[in-house]
Amino acid sequence: MNRSLENYLKHIFKLQKKENKAVKPWILSKHLGVSSPSVSEMIKKLSQEKYLDYIPYKGVKLTKKGQSIGVLMLRKYRLWKTYLYQELHMPFDRLSQEAEALEHDTSETLL
């Protein structure tokens, strides 16, 4: 799975959990800072691969398959962010960017 797909699943998971309902594509577009057509294309791809369900006029909801990856990516992100701050004393303004990069290359063994 590529980084872009993992990021979408992670952000959909966060938004779905926060709102406790389907995530509208325009909210996802705003949250990720990408165009609406890009979001629509990715929703199609993720839906075809059974990572999410698209409900017309409601938004998207992760399937169990999509949710498991979304949770895993969020967990990796949070672990890296905590480690970078507590152990390496990285400045707070760099944490998100570095954790975002590291989460994608973290093996299950390292996790």
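Placed above this text is the structure.
Residues numbered from 1 in each chain as written. Predicted model: local features only at pLDDT ≥ 70, side-chain atom pairs only at ≥ 80, totals over all residues. Heavy atoms only, no water.

How would you summarise the side chain of N7 if you had to cite specific residues and measurements?
Structurally, N7 is set in helix 1 (residues 3–19). For N7, the side chain forms a polar contact with the side chain of E100, separated by 3.3 Å. In terms of polar contacts, N7 uses its side chain to reach the side chain of H104, at 3.2 Å. Beyond its immediate stretch of four places on either side in the chain, N7 contacts E100, E103 and H104. (Helix = DSSP H or I, 4+ residues; strand = E, 2+ residues; numbered from the N terminus. Polar contact = N/O pair within 3.5 Å; in protein donor to acceptor, adjacent residues only side chain to side chain. Contact = heavy atoms within 4.5 Å.)

Residue-level account of the nonpolar core, with values.
Membership of the largest hydrophobic core comes to 24 residues, with the highest contact counts inside it found for I12, L28, L46 and L52. Of all the secondary-structure elements, those providing two or more residues to this core are helix 1, helix 3 (36–48), strand 2 (59–62), helix 4 (64–86) and helix 5 (92–103). Dropping the residues within four chain positions of it, I12 is found in contact with V23, L28, L46, L52, V60 and L62. (Core = buried A, V, L, I, M, F, W, Y, C linked by side-chain atoms within 4.5 Å. Buried < 20%, exposed > 50% of the residue type's maximum accessible area, 1.4 Å probe, protein only.)

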